[in-house]
Amino acid sequence: ELRRCLTRLMEIELVRNFVLNHLAARMKLAGISAEQLADDDDLISLGLLDSLDFVTLITSAEDCYQVRLPLDELSIAELSTISGLMRAINSANKC
């Protein structure tokens, strides 16, 4: 149980760091620090993602984590937060 919890925490941090790295330039322009960004903040509403950045983030995540996200089953709202992207990646990783 402890090992599973530790693995889950590592996965959360990996995805969070992946998204933060992807958004670093936009966050700097918006004056938003990593500490200010919650996992459930809508990245589109905050102006950190536009439509092109959203597609780039999703395809980059798919490449990085070697998954295919079922975009026809997920809404933009589900993928526009760090926590939503984490859930989608974890679900896609389950074979």
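Notes on the structure follow. Predicted model only: the values in this text are computed from it and were never measured.

Considerations on the overall build of the chain
Part 1: Looking only at helices and strands, one finds 4 helices and 0 strands in the chain.
Part 2: Mapped from its N terminus to its C terminus, the chain presents α and β elements in the order α-α-α-α.
Part 3: When the 95 residues of the chain are sorted by exposure, 35% land in the buried category.
Part 4: Long-range pairs, those at least 24 residues apart, make up 57% of the contacts in the chain between residues at least 6 apart in sequence.
Part 5: Split by element, the accessible area of the chain, about 6,200 Å² in all, is 56% carbon and sulfur.

With respect to the environment of D39
Part 1: With respect to the helices and strands, the residue D39 is situated in the loop between helix 1 (2-30) and helix 2 (51-65).
Part 2: When its relative accessible area of 25% is taken as the criterion, D39 is described as partly exposed.
Part 3: With 47 residues separating them along the chain, D39 and M86 place their C-alpha atoms 9.3 Å apart.
Part 4: If we ignore the near neighbours within four places in the chain, the residues touching D39 are I12, R16, T81, I82, S83 and M86.
Part 5: Polar contacts involving the side chain of D39 include one to the side chain of R16, which spans 2.6 Å.

Conventions adopted
- Residues numbered from 1 in each chain as written.
- Predicted model: local features only at pLDDT ≥ 70, side-chain atom pairs only at ≥ 80, totals over all residues.
- Heavy atoms only, no water.
- Helix = DSSP H or I, 4+ residues; strand = E, 2+ residues; numbered from the N terminus.
- Buried < 20%, exposed > 50% of the residue type's maximum accessible area, 1.4 Å probe, protein only.
- Contact = heavy atoms within 4.5 Å.
- Areas by Shrake-Rupley, 256 points an atom, 1.4 Å probe, with all protein chains shown as cover.
- Polar contact = N/O pair within 3.5 Å; in protein donor to acceptor, adjacent residues only side chain to side chain.

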